[in-house]
Amino acid sequence: MLHFLHLFALDGAVKLSVLGLHVSIPLVLSGLLLPFSVNRRSVSLLKTYLKAEFFLVLFILYVILSLLWSSDSASGGRLILQYILPSVVLYAFLITHSQLLHNSRFWEVMLFLFILSGYIQVFLYYLFDYQVDFAGYGRSFYDNTFGYRMRGFFQEPNWYGVFGFFSVANYAVFCKLENKKMHPFLLIGLAAVFILSCNRIIILLFLGIIIVLNVDIKKRIHVLLVLFMLLLGPSIFLMGKDTTGSVRMGSLIRTYNYVRQNFTPLHIITGKGWGSWAGISYNQKIGHVYSRGDDVVGKRVVGGRSDSSEYTMTFVEAGLIGFMLIALDAILIFRNCFRFENTQVSRLAFLFLSSILCIAFFYPIYSFIPYMISYLSLRSFVKLKYINEARLLR
């Protein structure tokens, strides 16, 4: 059955332009319907999740607090209102509707729409020479930036691939829990989509799914998977000279030089405050678009986030404290993955949630989390297992 949450798979096609912002209709509906989802049980569940998401809550509070010493608190405030708070609202809505999301049928429909949108976009490009453009960037932007790559109704193929990867994550996990086989044609369609979108990282991670599903590996696989995810991001640079590698590595080197020359010991601990990356990357020409000398004055609020690693931005803005909170949150999630009796479910959940470590090396994930229903769904599922076993829910 089709639900409005499935519209997240259509991304740009279900966004409205409001005050210069592209507002997601399913995201808005989630916020509007959340108060109507509140009852005694849902309130108790949300309170329990607050305890279970201790480090995540601390990180959000710290980010808000860092606006006090941010060099660009206005930009930081906008980032919180645009990305972090909508993510919190969506996460709360998904928690109160966990029974809807935590089944394979829901994700079959999601993946069908995801694949369909990709082929529609590609056919329009090859048969009618038409670039799908819901954001209003113009034909030349897509031709020069992404060209022939499949991206569905998303603005760019990288986020299209990431969304599909986490959607198949949910599908694989719940199929295993339900002792149900994954639809072979769906897997073939996904493989074709990832190849046509030219997402090398997602292709490698997708192969990881196939390996975990078909190979009986000892328990030490958990440690190996974390090391794999941590090393996959940097090692992708060795796979030929391309814009992805050069852009991220160039930004990383310029960030290191800036930190070494301008950070005090206090800055290393606390960072320069949420939103400070915008001005720093613009003035110091850290981001790739800035180092090329492009005219990006109108994009200062974004501050080069599109071509920078979340690791470097988080360190600059939140310092070691922010990094530590994220690391502790990740460790806690990984431990929760081990609680499933079905070892393949544990390995799949662990593979998918740890893959965010790799993805964050390339992309500014915070700006995409509000649309990542698939990531938040899997996270809520793993946390719910911990909540039930720890008997936190009364």
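Residues numbered from 1 in each chain as written. Predicted model: local features only at pLDDT ≥ 70, side-chain atom pairs only at ≥ 80, totals over all residues. Heavy atoms only, no water.

Visitor: Lay out the overall build of the chain in plain terms, naming residues and giving numbers.
Guide: Counting its secondary structure elements, the chain contains 18 helices and two strands. Burial analysis of the chain (394 residues in total) assigns 53% to the buried set. Summarising the internal contacts of the chain: among those between residues at least 6 apart in sequence, 75% fall at separations of at least 24. Surface exposure of the chain reaches about 18,400 Å², of which carbon and sulfur atoms provide 66%. (Helix = DSSP H or I, 4+ residues; strand = E, 2+ residues; numbered from the N terminus. Buried < 20%, exposed > 50% of the residue type's maximum accessible area, 1.4 Å probe, protein only. Contact = heavy atoms within 4.5 Å. Areas by Shrake-Rupley, 256 points an atom, 1.4 Å probe, with all protein chains shown as cover.)

Visitor: Explain the packing of helix H3 (residues 54-65) against helix H16 (residues 310-337) residue by residue, including any values.
Guide: Remark: H3 packs on H16, axes separated minimally by 8 Å, with the N-to-C direction vectors making an angle of 160°. Here H3 is positioned roughly antiparallel relative to H16, judged by the angle of their axes. In this structure, the crossing between H3 and H16 has a hand that is left-handed. Contacts between H3 and H16 involve Phe55, Leu56, Leu58, Phe59 and Tyr62 on the former and, on the latter, Ala318, Ile321, Gly322, Leu325, Ile326, Leu328, Asp329 and Leu332. Grouping the amino acids of the contact of H3 with H16 by side-chain chemistry returns 11 nonpolar, one polar and one charged. (Axes fitted to C-alpha atoms, helices over the stretch in contact; angles between N-to-C directions. Parallel < 35°, antiparallel > 145°, perpendicular 65-115°, else oblique. Left-handed = near helix turned anticlockwise from the far one by under 90°. Nonpolar A, V, L, I, M, F, W, Y, C, P; charged D, E, K, R; others polar.)

Visitor: Can you lay out unusual backbone geometry for me, pointing to particular residues and giving the numbers?
Guide: Here the phi dihedral of Asp11 falls at roughly 35°; this positive angle occurs in a residue that is not glycine. As for its position among the elements, Asp11 is in the segment before strand E1 (15-18). The phi torsion at Asp129 lies on the positive side, around 55°, for a residue other than glycine.

Visitor: I'd like to hear about the confidence of the model for the chain, residue by residue, with values.
Guide: Per-residue pLDDT for the chain has a mean of 79; in total, 81% of the residues score no lower than 70. Averaged pLDDT values over the elements of the chain bottom out at 45 in helix H15 (residues 288-291) and peak at 93 in helix H13 (residues 265-270). Note that pLDDT drops below 50 for residues 237-242; the model gives that stretch eight contacts with residues more than four away or on any other chain. A low-confidence stretch, residues 289-305 (pLDDT under 50), is modelled with 34 contacts involving residues beyond four sequence positions or located in other chains. (pLDDT = per-residue confidence, 0-100.)

Visitor: A description of the packing of aromatic side chains should follow, citing residues and the corresponding values.
Guide: Enumeration over the complete set of coordinates arrives at 19 aromatic pairs. Ring geometry for Tyr62 versus Trp69: centroids 5.9 Å apart, planes at 55°, classification tilted. Between the aromatic rings of Phe165 and Phe166, the centroid separation amounts to 5.4 Å while the plane-to-plane angle is 75°, which identifies the pairing as edge-to-face. Take Phe165 and Phe166: they sit in the same class, and that class is buried. (Phe/Tyr/Trp six-rings, centres within 6.5 Å; stacked < 30°, edge-to-face > 60°.)

Visitor: Break down the packing of helix H1 (residues 25-33) against helix H4 (residues 73-96) for me, with residues and values.
Guide: Interhelical geometry of H1 versus H4 gives an angle of 65° and a closest axis separation of 9 Å. Remark: the crossing between H1 and H4 carries left-handed chirality. Contacts from Leu27, Ser30, Gly31 and Leu33 of H1 reach H4 at Pro86, Val89, Leu90 and Phe93. Taken together, the residues of the contact of H1 with H4 break down into six nonpolar, two polar and no charged.

Visitor: So what's going on with helix H14 (residues 276-283)? Residues and values would help.
Guide: Counted residue by residue, H14 has six buried out of eight residues, so it is predominantly covered. Lys285 sits one or two residues past H14 and shows a positive phi near 55°.

Visitor: Can you lay out a nonpolar patch on the surface for me, pointing to particular residues and giving the numbers?
Guide: Side chains of Phe123, Tyr126, Leu127, Phe128, Tyr130 and Tyr148 sit close together on the surface and give an oily, nonpolar patch of about 760 Å² of accessible area. Mapped onto the elements of the fold, Phe128 is located in helix H6 (residues 104-128). (Patch = residues over 30% accessible without salt bridge, like charges linked within 9 Å, V, L, I, M, F, W, Y side chains within 5 Å. Salt bridge = Lys/Arg side-chain N within 4 Å of Asp/Glu carboxyl O.)

Visitor: Requested: an account of the environment of Pro364, with residues and values cited.
Guide: Tracing the backbone through its elements, the reader meets Pro364 in the loop between helix H17 (343-362) and helix H18 (373-390). On the basis of relative accessible area, Pro364 is assigned to the buried category, the value being 4%.

Visitor: Kindly report on the environment of Ser70, identifying the contributing residues and their values.
Guide: Locating Ser70 in the fold gives a position in the loop between H3 and H4. Judged by its relative accessible area of 12%, Ser70 falls in the buried class. Sequence separation between Ser70 and Gly271 is 201 residues, and the spatial gap between their C-alpha atoms is 8.6 Å. The contact partners of Ser70, leaving out residues within four places of it in the chain, are Lys272, Gly273, Trp274, Gly275 and Ser276. Engagement of the side chain of Ser70 in a polar contact is seen with the backbone oxygen of Trp274, the distance being 2.9 Å. (Polar contact = N/O pair within 3.5 Å; in protein donor to acceptor, adjacent residues only side chain to side chain.)

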